[in-house]
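Each chain, written out:
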Amino acid sequence: MFKVNENYLKLPGSYLFSTIGKKVNAFVQDNPEKKIIRLGIGDVTQPLAPAIIQAFHTAVDEMADAKTFRGYAPDLGYEFLRNAIRENDYIARGCQIEADEIFVSDGAKCDSGNIQEIFSQDNKIAVCDPVYPVYVDTNVMAGRTGTYDSRKETWSNIIYMPCTAENNFAPELPKETPDLIYLCFPNNPTGSTITKKQLQEWVDYANKVGAVIIYDAAYEAYISEEDVPHTIYECEGARTCAIELRSFSKNAGFTGVRLGFTVIPKELKAGEVSLHSLWARRHGTKYNGAPYIVQRAGEAVYSDAGKVQLKQQVDYYMNNAKYIYDGLKSAGYTVSGGVNAPYIWLKAPNKMTSWEFFDYLLEKANVVGTPGSGFGPSGETYFRLTAFGSYENTMEAMERIKKL
Ligand code: MLT
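All values derive from a computational prediction rather than experimental measurement. (Residues numbered from 1 in each chain as written. Predicted model: local features only at pLDDT ≥ 70, side-chain atom pairs only at ≥ 80, totals over all residues. Heavy atoms only, no water.)

Draft legend 1. Inspection of the domain arrangement of the protein chain at higher detail. As assigned here, the protein chain comprises domain 1 (6–46 + 307–402) and domain 2 (53–304). Of the residues lining the interface, 37 residues belong to domain 1; the matching set on domain 2 comes to 48 residues. Both sides together, the interface formed by domain 1 and domain 2 hides about 3,300 Å², and carbon and sulfur atoms give 59% of it. Connecting domain 1 to domain 2 are 0 salt bridges. Here domain 1 is connected to domain 2 by 16 residue pairs in polar contact (both at pLDDT 80 or more). Listing elements by their share of the side of domain 1 that touches domain 2, those giving two or more residues are helix H1 (7–10), helix H11 (304–330), strand E13 (335–337), strand E14 (343–347) and strand E17 (382–386). Looking at the side of domain 1 that touches domain 2 element by element, the count peaks at 7 residues for H11. A class-by-class count of the residues in the side of domain 1 that touches domain 2 yields 20 nonpolar, 13 polar and 4 charged. (Domains from an automatic or database assignment. Contact = heavy atoms within 4.5 Å. Buried area = accessible area lost by both parts, 1.4 Å probe. Salt bridge = Lys/Arg side-chain N within 4 Å of Asp/Glu carboxyl O. Polar contact = N/O pair within 3.5 Å; in protein donor to acceptor, adjacent residues only side chain to side chain. Helix = DSSP H or I, 4+ residues; strand = E, 2+ residues; numbered from the N terminus. Nonpolar A, V, L, I, M, F, W, Y, C, P; charged D, E, K, R; others polar.)

Draft legend 2. Broad picture of the state of the cysteines. Overall, the coordinates contain 0 disulfides when judged by the stated rule. Left unpaired, Cys110 is separated from the closest cysteine sulfur, that of Cys184, by 16 Å. With relative accessibility at 31%, the residue Cys110 sits in the partly exposed group. Lacking any disulfide linkage, Cys163 is separated from the closest cysteine sulfur, that of Cys128, by 4.0 Å. (Disulfide = S-S within 2.5 Å. Buried < 20%, exposed > 50% of the residue type's maximum accessible area, 1.4 Å probe, protein only.)

Draft legend 3. Summary view of the site of the ligand. The environment of the ligand is formed by Phe17, Ile41, Gly42, Lys109, Tyr132, Asn188, Tyr219, Lys250, Tyr343 and Arg384. Lys250 has a polar side-chain atom sitting 2.9 Å from an oxygen atom of the ligand. Side-chain polar atom of Arg384 to an oxygen atom of the ligand: 2.7 Å apart, as the coordinates give it. Calculation on the ligand without its partners gives an accessible area of 270 Å², and the protein chains cover 87% of this total. Residues belonging to the shell around the ligand are distributed by class as follows: 5 nonpolar, 2 polar and 3 charged. In this structure, the shell around the ligand is formed jointly by two domains, domain 1 (6–46 + 307–402) and domain 2 (53–304), each of which donates at least three residues. (Near = heavy atom within 4 Å. Areas by Shrake-Rupley, 256 points an atom, 1.4 Å probe, with all protein chains shown as cover.)

Draft legend 4. Here's a closer look at the sheet that holds strand E16 (residues 370–371). Spatially, 4 strands are ordered E13-E14-E17-E16 in an open sheet, and the strand pairing comes out antiparallel. With partners counted over all chains shown, the strands left at the sheet margins are E13 and E16, one partner each. Where E16 meets E17, 2 bridges bridge the pair, whose relative direction is antiparallel. Bridged to Pro371 within E17 is Phe383. (Pairing = 2+ DSSP bridges.)

Draft legend 5. Focus on the packing of helix H2 (residues 16–30) against helix H12 (residues 354–365). Interaxial distance between H2 and H12 falls to 11 Å at its minimum, and their mutual angle equals 35 degrees. For the crossing formed where H2 meets H12, the hand is right-handed. Residue-level inspection shows Leu16, Thr19, Ile20, Lys23, Val24 and Phe27 of H2 in contact with H12, the latter providing Trp355, Phe358, Asp359, Leu362 and Glu363. (Axes fitted to C-alpha atoms, helices over the stretch in contact; angles between N-to-C directions. Left-handed = near helix turned anticlockwise from the far one by under 90°.)

Draft legend 6. Examining the pattern of salt bridges more closely. Enumeration over the complete set of coordinates arrives at 20 salt bridges. Glu244 is the salt-bridge partner of Arg246, the closest N and O atoms lying 2.8 Å from each other. Here Arg246 and Glu244 have matching classes, each one buried. Of the charged contacts in the structure, one is a salt bridge between Arg400 and Glu396, with a shortest N-O distance of 2.6 Å. Linking Arg400 with Glu396, this pair stays in helix H13 (residues 391–402), spanning 4 residues, or about one helical turn. Each of Asp89, Arg93, Glu220, Glu244 and Arg246 takes part in salt bridges that share partners, so that together they form one network.

Draft legend 7. Expanded view of the pairing of strand E7 (residues 180–184). Counting buried positions along E7 yields 5 of 5 residues, so the element is predominantly enclosed. Residues Leu180, Tyr182 and Cys184 of E7 are buried on one face, and the alternating residues Ile181 and Leu183, pointing to the opposite face, are buried as well. In terms of strand pairing, strand E3 (residues 125–129) meets E7 through 3 bridges, oriented parallel. Across the sheet, the residue bridging to Val127 is Tyr182, located in E7. Here E7 runs beside strand E8 (residues 212–216); their pairing, made up of 5 bridges, is parallel. Among the inter-strand pairings, Cys184 is bridged to a residue of E8, identified as Asp216. Chirality of the crossover, the property in question, places the unit of E7, helix H7 (residues 196–209) and E8 among those that are right-handed. (Right-handed = clockwise from strand over helix to strand, strands pointing away.)

Draft legend 8. Spatial organisation of the nonpolar core. Residues Ile52, Leu183, Ile213 and Leu328 are the most contacted members of the largest nonpolar core, which totals 127 residues. Among the elements that make up this core, the one with the highest residue count is H11 (7 residues). Summarising the domain contributions, this core has at least three residues from each of domain 1 (6–46 + 307–402) and domain 2 (53–304). (Core = buried A, V, L, I, M, F, W, Y, C linked by side-chain atoms within 4.5 Å.)

Draft legend 9. Broad picture of the packing of helix H3 (residues 50–63) against helix H10 (residues 292–300). Running from N to C, H3 and H10 point in directions that differ by 145 degrees, and their axes come no closer than 8 Å. The handedness of the crossing between H3 and H10 comes out as right-handed. Taken together, the residues of H10 that come into contact with H3 (itself represented by Ala51, Ile52, Ala55, Phe56, Ala59, Val60, Glu62 and Met63) are Tyr292, Ile293, Val294, Arg296, Ala297 and Ala300. Residue classes in the contact of H3 with H10 are distributed as 12 nonpolar, no polar and 2 charged.

Structure below.
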C-alpha cells in the first residue's frame, strides 16, 4: 500500500490566501448585491505596460515562423534576459554578479518554496515573524520542522525572529544559531525595510556562523528611501552567504504572466560543494524554463520605454499606498509600511484579533484585507492592506473604512 508524505498532514488548514478566497466567496454568495473591494492578496490590477505588450507580440510572431521558432529554453534562461538582469539589477548598482549566476524561473513563489530542496533535512531555519507563509509551509512539507503548537501558532524546530512595533518590524540576530535564514525586504507583510548597515550585520553574521541567507527582494522596485539596499549583493561578503530571489510580478505586473529569477553566486559553498551547481542540477532536471515569449517580455522590462512605463506603474500603486496610509492615520489607526513597499500594516482597533477584524471589515465595509496572524503569531492583532488595487477602488475602500 502506498504511503503519503505525512509532513503534509501536519499543515493546519489551507494556504493563507486560499482560506481568505474561500471566506470571501462564501460571503459573495450570501450577499450577491454587495460590491466587494479586494485589498487582500498582493495581486496587481493595472494592465501590462505597452513596451511589454509590444515585446509579447513580436515574440509571438517569431514563434509563428519556422526560421525564428524556439523550442525548449536553455536551463538557466535565455542569455538576452540574464544579461539584461545582470546589467540593470546588479552591475548598475555596483554588484558583481555574472549572467550564469542568474537562474530564470516562472516566479519567486516557486523559487522560494523550492530552494530548500538543495539543503539537508536537518538544517534549522530562522524566519521573521510575521512572514510570507511559503517559507515555513514548504519547510514543513519537507519535514524540516517539528510539531505544530496550535495555541502558540508556532512550529518546534523553527527559530522565530519577532518583528514588532518595538523593534520597528526589523528582526534581531537570533540567540540560537540557524543554518538557513529567510529575510524579505522590503517586507511582506509589514512593509518595513532595513538599512544597508543593518543588512550588512546579517551578512557578517551569516558568514561568521556559516549560515545561508535566502533573501527575498520581490518588492525592491518600491524602495523610495536612499539608505535601503536594493539587493543583498550591495553588502560586502554576500557572495559567500546569500541567495537572492527576485520577481517580475510586482515591478512589472507579471502575477498572471509568471517570471522570476534566483541568484546563486559561485563562491557560495558548503565545504567544496557549490550551491550553484546543486540548483543548476535541480533546475535542469525538474524544469524546462520560462516560455520564450515571457522571457522576451521580461527583457522589455529593462528597455528605456519599459523603465519609464513601469516607474509610472509603481508610482501609481505607491500613490494608493500613501492614500491608504494617510486615510488610516487620520481615522486614528496605528499604521506603518507603505513608504518602501506596497503594503500597509495596521493595528486592528478595539482589541480585535486579526480574523475578527477581517470579518468586521468584510461585513461592514465589504473590504477584503489579510489578517496579520496568517503570517505568524507576532502578526496577531495586525492587518495588511495592499496598494495594488485601482485608485478608484482604493479611494472607495478608504471612504468606507473611515465611516466605520
Ligand atoms: C501576497 O499577497 O503576500 C503575495 O501576493 C503572495 C505572493 O506573491 O505569492
